[in-house]
Amino acid sequence: LIQSGFAPLVLWLRGNAELLQRRIISAAGTEQPSDKAQENAREFGEALAYQGAAVAAMLTSGVEAAALEGALRAGGALAVLAVGPDRVYPASALNLQRKILAEGGLLLSAYPPGDGIPASGSEREARLNEVSALCAALSEGVLVIAAERCSPAVRRARLAADFGREVWAVPGDIHSSESGGPHQLIREGAKLAESAADIFS
């Protein structure tokens, strides 16, 4: 993490800390996915957790929330927060955050209790970049399920590669912008993933 410019001294946890002993795979993707991309994210999240992995994703919306929902079905949801462990961001994530705590998942934050999301746009963007870097550093690798070419998910995958982690990408419709990121990563050397078996192999 030091090379990303973000190296927290303390991580705050709420929930099942034993998930940190599992293999951790980070799921990444767009916040405005198609129905098919959300379905894929849930299926990957559930399949990875059933095979013993913890699925780490930012507690936002879209692909990453869907991956956490899928992982939660199999007891493997690890949500990385952009706020303190006792806060919620975005507000739409409240129900999912409660379910993660109630159903054996884990909330992880690099920010102390009471810390909310920064008010200014630039500071908020910097905070989200820090959280994305933390997801990459925690994981054995990053799975990009649906994302545009120039997107935070693609940046996370490239950062993970810089960290020496694996990168996988789920191919999609060549006419869809949300396939652009995974296809570009595959061109750059990411491993194609059509199922959880491709990741564990």
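Throughout what follows, the structure given in this document is the object of discussion.

Conventions and cut-offs
- Residues numbered from 1 in each chain as written.
- Predicted model: local features only at pLDDT ≥ 70, side-chain atom pairs only at ≥ 80, totals over all residues.
- Heavy atoms only, no water.
- Helix = DSSP H or I, 4+ residues; strand = E, 2+ residues; numbered from the N terminus.
- Expected span 1.5 Å × (residues − 1).
- Buried < 20%, exposed > 50% of the residue type's maximum accessible area, 1.4 Å probe, protein only.
- Arc of directions from axis to C-beta.
- Contact = heavy atoms within 4.5 Å.
- Pairing = 2+ DSSP bridges.
- Right-handed = clockwise from strand over helix to strand, strands pointing away.
- Phe/Tyr/Trp six-rings, centres within 6.5 Å; stacked < 30°, edge-to-face > 60°.
- Lys NZ or Arg CZ within 6 Å of the ring centre and 35° of its normal.
- Salt bridge = Lys/Arg side-chain N within 4 Å of Asp/Glu carboxyl O.

### A look at helix H1 (residues 35–50)
Taking 1.5 Å of rise per residue, 16 residues should cover 22 Å, and H1 covers 23 Å from first to last C-alpha, within 8% of that figure. Taken as a whole, H1 has its buried residues at Ala 37, Asn 40, Ala 41, Phe 44, Gly 45, Leu 48 and Ala 49. Buried residues in H1, looked at end-on, bunch into an arc of 150°, giving them a common side. Turned more than 90 degrees off the buried face of H1, the exposed positions are Asp 35 and Tyr 50. The inward-facing, buried residues of H1 contact strand S2 (23–29), strand S3 (53–58), helix H2 (63–73), strand S6 (141–146) and helix H7 (196–200). Two residues or fewer after H1 comes Gly 52, characterised by a positive phi angle close to 100°.

### Examining helix H4 (residues 121–138)
Over its 18 residues, H4 extends 26 Å from the first C-alpha to the last, a length consistent with the 26 Å expected when each residue adds 1.5 Å. When H4 is considered as a whole, its buried residues turn out to be Arg 127, Val 131, Ser 132, Ala 133, Leu 134, Cys 135, Ala 136 and Ala 137. Buried residues belonging to H4 abut S2, S3, strand S4 (77–81), strand S5 (106–109), S6 and helix H5 (152–162).

### Notes on the pairing of S5
Judged by which residues are buried, S5 turns out to be covered on both faces: Leu 106 and Leu 108 on one side and Leu 107 and Ser 109 on the other are all buried. Looking at chain direction, S4 and S5 are connected through four bridges and run parallel. If you follow Val 80 over to S5, its bridge partner there is Leu 108. Handedness of the β-α-β unit built from S4, helix H3 (residues 94–102) and S5 comes out right-handed.

### Digging into the packing of aromatic side chains
Here the structure, examined in full by the defined rule, presents zero aromatic pairs. Taking the ring centre of Tyr 111 as reference, the NZ or CZ of Arg 127 above it sits at 3.8 Å.

### Digging into the side chain of Ser 132
Examined against the element boundaries, Ser 132 turns out to sit in helix H4. Setting aside anything within four residues of it in sequence, one finds Ser 132 in contact with Met 58, Pro 152 and Arg 156.

### Remarks on the pattern of salt bridges
This model, assessed by the stated rule, comprises eight salt bridges. Put simply, Glu 69 and Arg 42 hold a salt bridge, and the shortest N to O gap is 2.9 Å. In this pair, Glu 69 is assigned in helix H2 and Arg 42 in helix H1, connecting sequence segments 27 residues apart. The shortest N-O distance in the salt bridge between Lys 191 and Glu 166 comes to 3.1 Å. Here Glu 166 lies in strand S7 (residues 166–169) and Lys 191 lies in strand S8 (residues 191–192), a separation of 25 residues in the sequence. Its relative accessible area of 43% is what places Lys 191 among the partly exposed residues.

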